[in-house]
Amino acid sequence: MNNMSIITIAFGCLIILLFSSCKKNINAVFGHQTDLSDSKVIRDIVYGSNDDWQGRQQDLKMDIYLPKNESATSKKYPVLVFIHGGGFQKGDKSTTESFAALLNKKGYAVATINYRLGWTNDTIENCNDDTLQAVEAVYRAMQDSRAALRFIAAYADKYQLDENWIFVGGSSAGGVSALNATYYTPSLAEIAYPGLDKKLGPLDAGNDLNNGYSIKAIVNMWGSIDDLNVITKDGAKPTIFFHGMLDNVVPYDIGHLYSCEKMPVEYGSKPIYDRLTDFGVSAVAHIDRTGGHGVYDRIFQTNNIACFLKGVMNREPQKGYFYNFEGDCGEH
């Protein structure tokens, strides 16, 4: 089997396994009772449109959460573009509302995005899922994530966002999308997804914007990548990780998806962290020794994300591989 086939199968199998654990964990981590007293929210901004998995046109929408500061209408805020999880099948930008509100309190804007979801899966036996449709779902999510990043950079002034400090992150499938959107270029995507640029359009589709953007850091929550080689020394980004050592959906280290030997090997937070630090790039990992797929509460997450992003903005080198609640640099 050639490398192209291995990459394609790996992507398909990754999505196959994410949904069953994601929905419960996302709700538990982010919750639904949100204090928006320190937030200004602009909802359902259309950042693009494209055909969904059944060929129907779909508007792509995001919500932007800004720190509420009535006396500073001209202030521009660093922004985290955050991508929800749900196995590329379920989920909604609203599930990350309390997460966004907590980061607003720390001076960061957050853009939570919806992206195209859907593919056919076997609800009884994951290994029997439609791998081709799963690969297409990943590709669509990557297209939409990159369209959202172009939109944020193009309309930064309109929404009080600092285009010089754009970050991207996500949980589970969202973490996969954030990593993919950062590291897969159109040329690499043509290799990993042969023929999909002709079937689903180029990687940079979804809107007519052709501006560039610069991602300054990544927030990876229990996501992974199938090929470490797409992370190069010149392109590597500072990253903060959250992962459970007992994650049986996406390995925190190097391992088979869903702990199933017939599944492809994926690279989780540990090998990505090791690669970044080998390159001398800032990286901090929070690893729960007894945690599964979805770890730490939203207070711990946002405290440490804000701390890490502040270090990136201050150009302070950061490195740390912490277990459980060690290394907590946030304020409580």
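Residues numbered from 1 in each chain as written. Predicted model: local features only at pLDDT ≥ 70, side-chain atom pairs only at ≥ 80, totals over all residues. Heavy atoms only, no water.

A look at the overall build of the protein
Moving on, step 1. Within the protein, the secondary structure is distributed over eight helices and 11 strands.
Moving on, step 2. Here the protein holds 332 residues, and the buried ones make up 58% of them.
Moving on, step 3. Restricting the contact set of the protein to residue pairs at least 6 apart, pairs at least 24 apart contribute 78%.
Moving on, step 4. Of the roughly 13600 Å² of accessible surface on the protein, 47% is carried by carbon and sulfur atoms. (Helix = DSSP H or I, 4+ residues; strand = E, 2+ residues; numbered from the N terminus. Buried < 20%, exposed > 50% of the residue type's maximum accessible area, 1.4 Å probe, protein only. Contact = heavy atoms within 4.5 Å. Areas by Shrake-Rupley, 256 points an atom, 1.4 Å probe, with all protein chains shown as cover.)

Observations regarding the sheet that holds strand 3 (residues 77–83)
Moving on, step 1. Across the sheet, nine strands lie side by side as 1-2-4-3-5-6-7-10-11; this open sheet has mixed pairing. The sheet is open, and its two borders are formed by strand 1 (39–51) and strand 11 (319–323), each paired with just one other strand. For this sheet the average axis-to-axis angle between neighbouring strands, irrespective of direction, equals 15°.
Moving on, step 2. Pairing geometry for strand 6 (residues 215–221) and strand 7 (residues 239–244), over four bridges, is parallel. Across the sheet, Ile 218 pairs through a bridge with Thr 239, a residue of strand 7.
Moving on, step 3. Each of strand 6, strand 7, strand 10 (283–288) and strand 11 is contacted by helix 7 (residues 269–278), which is oriented at about 155° to strand 7, the strand it contacts most.
Moving on, step 4. Packed onto the sheet, helix 8 (residues 298–313) meets strand 3, strand 5 (161–171), strand 6, strand 7 and strand 10 and runs at close to 155° relative to strand 7. (Pairing = 2+ DSSP bridges. Axes fitted to C-alpha atoms, helices over the stretch in contact; angles between N-to-C directions.)

Regarding the pattern of salt bridges
Moving on, step 1. Tallied over the entire structure, the rule returns 13 salt bridges.
Moving on, step 2. With a closest N to O distance of 3.0 Å, Arg 43 and Glu 97 form a salt bridge. Here Glu 97 lies in helix 2 (residues 97–105) and Arg 43 lies in strand 1, a separation of 54 residues in the sequence.
Moving on, step 3. Residue classification places Arg 43 among the partly exposed positions, given a relative accessible area of 42%.
Moving on, step 4. Residue classification places Glu 97 among the buried residues on the basis of a relative accessible area of 14%.
Moving on, step 5. We note a salt bridge from Asp 144 to Arg 116, for which the minimum N-O separation is 2.9 Å. Within this pair, whereas Asp 144 is found in helix 3 (residues 131–154), its partner Arg 116 is found in the loop between strand 4 (109–113) and helix 3, the two being separated by 28 residues in sequence.
Moving on, step 6. Where salt bridges share partners, they join Asp 35, Asp 38 and Lys 105 into one cluster. (Salt bridge = Lys/Arg side-chain N within 4 Å of Asp/Glu carboxyl O.)

Some remarks on the packing of aromatic side chains
Moving on, step 1. A complete count under the given rule lists 14 aromatic pairs for this structure.
Moving on, step 2. Here Phe 242 and Phe 300 contribute two aromatic rings whose centre-to-centre distance is 6.4 Å and whose plane-to-plane angle is 80°, an arrangement assigned as edge-to-face. On the criterion of sequence distance, the pair formed by Phe 242 in strand 7 and Phe 300 in helix 8 is long-range, its members being 58 residues apart. Neither Phe 242 nor Phe 300 differs from the other in exposure class; each is buried.
Moving on, step 3. Aromatic ring contacts, followed pair by pair, group Phe 241, Tyr 273, Tyr 321 and Tyr 323 into a single cluster.
Moving on, step 4. Between the NZ or CZ atom of Lys 216 and the centre of the ring of Trp 165, over which it lies, the distance is 5.8 Å. (Phe/Tyr/Trp six-rings, centres within 6.5 Å; stacked < 30°, edge-to-face > 60°. Lys NZ or Arg CZ within 6 Å of the ring centre and 35° of its normal.)

Focus: the side chain of Asn 104
Moving on, step 1. Mapping Asn 104 onto the fold places it in helix 2.
Moving on, step 2. A polar contact is formed between the side chain of Asn 104 and the backbone oxygen of Tyr 65, at a distance of 3.1 Å.
Moving on, step 3. The contact partners of Asn 104, leaving out residues within four places of it in the chain, are Asp 38, Ser 39, Tyr 65, Leu 66, Pro 67, Ala 109 and Val 110. (Polar contact = N/O pair within 3.5 Å; in protein donor to acceptor, adjacent residues only side chain to side chain.)

Topic: the state of the cysteines
Moving on, step 1. One pass over the structure, following the stated rule, counts one disulfide.
Moving on, step 2. Here Cys 307 pairs with Cys 329 through a disulfide, and the sulfurs are 2.0 Å apart. A residue pair is termed long-range when its members are at least 10 positions apart, and Cys 307 in helix 8 and Cys 329 in the segment after strand 11 qualify at 22 residues.
Moving on, step 3. A relative accessible area of 26% places Cys 307 in the partly exposed class.
Moving on, step 4. With relative accessibility at 39%, the residue Cys 329 sits in the partly exposed group. (Disulfide = S-S within 2.5 Å.)

What about helix 3?
Moving on, step 1. Counted at 1.5 Å a residue, the expected span for helix 3 with its 24 residues is 34 Å, and the 35 Å between its end C-alpha atoms agrees.
Moving on, step 2. In terms of burial, helix 3 is largely enclosed, as 20 of its 24 residues are buried. (Expected span 1.5 Å × (residues − 1).)

Overview of the environment of Asp 63
Moving on, step 1. Its place among the elements puts Asp 63 in strand 2 (residues 57–67).
Moving on, step 2. Here Asp 63 falls in the buried class, since its relative accessible area comes to 2%.
Moving on, step 3. When residues no more than four places from it in sequence are discounted, the contact partners of Asp 63 are Ile 42, Arg 43, Asp 44, Lys 93, Val 110, Ala 111 and Thr 112.
Moving on, step 4. A distance of 2.8 Å separates the side chain of Asp 63 from the backbone nitrogen of Asp 44, its partner in a polar contact.

As for helix 7
Moving on, step 1. Within helix 7 the residues assigned to the buried category are Ser 269, Pro 271, Ile 272, Tyr 273, Leu 276 and Thr 277.
Moving on, step 2. Two residues or fewer past helix 7, Gly 280 is found with a positive phi of approximately 80°.

Some thoughts on the pairing of strand 1
Moving on, step 1. Pairing between strand 1 and strand 2: 10 bridges, direction antiparallel. Across the sheet, the residue bridging to Ile 45 is Met 62, located in strand 2.
Moving on, step 2. Here strand 1 folds back onto strand 2, and the loop between the two strands holds five residues, one of which, Gly 55, carries a positive phi near 85°.

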